[in-house]
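Survey of secondary and tertiary structure
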Amino acid sequence: MRVGLAADHGGFELKAQLTEDLTAAGYAVADFGAQELVAGDDYPDFVVPLAWAVARGEVTRGLAICGSGVGACVVANKVPGVRAALITDSFSAHQGVEDDDMNVMCLGGRVTGHALSWDLVQIFLSAQFKGLERFRRRLAKVEALERLKKS
Ligand code: RB5
């Protein structure tokens with residue numbers, strides 16, 4: 001599985017730690033930046049390229065990190081085909097994939113510590129979409145919304 005990561009200054013340290021964890025665990029990792037810690041950089045500059053890579057299937061899943069995880073989640077969900085959620089608990093880390101086909105997990109670098117984040121990442125990456133009819137029906141409604149043009 002190829003995993004993409006992106007973070008602004010608020011998630012920079014956590015991205016580095018998770019990159020090390022993922023690499024040690026044998027995952028292929030694609031780093032969408034930031035490549036250096038720059039205070040005041042902007043999360044869309046890194047999260048949007050990651051989100052498009054997920055939408056295009058260039059990476060299997062994405063991890064988007066900012067200080068709270070909120071901005072990363074807001075912008076990732078603007079890209080059609082991305083289903084991102086801010087995750088702080090293990091239940092949502094797998095149920096978000098199993099029921100909602102979440103393909104980008106967002107984390108708050110200033111909220112969730114490294115050890116818990118790594119647990120959540122492993123749970124997220126191990127989970128699979130269950131594909132039940134009711135889950136597909138709901139996602140079809142989400143996709144229909146993505147196809148609407150803003151008037
Ligand atoms: C930190 O500057 C913060 O605004 C950003 O990392 C993120 O938390 C936004 O949601």
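This write-up is about the structure you can find in this document. Bear in mind the structure is a predicted one, so any value in this text is a computation, not a measurement. (Residues numbered from 1 in each chain as written. Predicted model: local features only at pLDDT ≥ 70, side-chain atom pairs only at ≥ 80, totals over all residues. Heavy atoms only, no water.)

1. A closer look at the sheet that holds strand β5 (residues 104-108)
- Strand order in this open sheet of five strands is β2-β1-β3-β5-β4, and the pairing throughout is parallel. Of all strands in the sheet, those with a lone pairing partner are β2 (28-31) and β4 (84-86), marking the two edges. This sheet shows a mean twist of 25° between the axes of neighbouring strands, independent of strand direction.
- Alignment of strand β3 (residues 61-66) against β5, held across five bridges, turns out to be parallel. In the strand pairing of β5, Ile 65 is matched with Leu 107.
- Contacts between helix α1 (residues 12-24) and the sheet are confined to β1 (2-7), β2, β3 and β5, with β1 contributing the most and set at about 165° to the helix. (Pairing = 2+ DSSP bridges. Helix = DSSP H or I, 4+ residues; strand = E, 2+ residues; numbered from the N terminus. Axes fitted to C-alpha atoms, helices over the stretch in contact; angles between N-to-C directions. Contact = heavy atoms within 4.5 Å.)

2. Describing helix α5 (residues 114-126)
- The end-to-end C-alpha distance of α5, which contains 13 residues, comes to 18 Å, matching closely the 18 Å that a straight helix rising 1.5 Å per residue would cover.
- Those residues of α5 lying buried are Ser 117, Trp 118, Leu 120, Val 121, Phe 124 and Leu 125. An end-on view of α5 places all buried positions within 160° of arc, on one side of the element. Residues Ala 115 and Ser 126 are exposed on α5 and point more than 90 degrees away from its buried face.
- Tucked inside the fold, the buried residues of α5 contact β1, α1, β3, α4 (90-100) and β5. (Expected span 1.5 Å × (residues − 1). Buried < 20%, exposed > 50% of the residue type's maximum accessible area, 1.4 Å probe, protein only. Arc of directions from axis to C-beta.)

3. Some thoughts on unusual backbone geometry
- A cis amide bond, omega 5°, links Gly 33 with the succeeding residue Ala 34.
- Along the chain, Ala 34 turns up in the loop between β2 and α2 (44-55).
- Within the chain, Asp 101 stands out as a residue other than glycine whose phi angle is a positive 55°.
- Turning to its location among the elements, Asp 101 is positioned in the loop between α4 and β5.
- Given a relative accessible area of 23%, Asp 101 falls into the partly exposed group.

4. Section: the nonpolar core
- Counting residues in each nonpolar core, the largest one holds 21 residues, and the members touching the most others are Val 47, Ala 64, Val 82, Ala 84, Val 104 and Cys 106.
- If you list the elements that add at least two residues to this core, you get α2, β3, α3 (70-76) and β5.
- One finds Val 97, Leu 107, Phe 124 and Ala 127 within the second-largest nonpolar core, a separate group that totals 20 residues. (Core = buried A, V, L, I, M, F, W, Y, C linked by side-chain atoms within 4.5 Å.)

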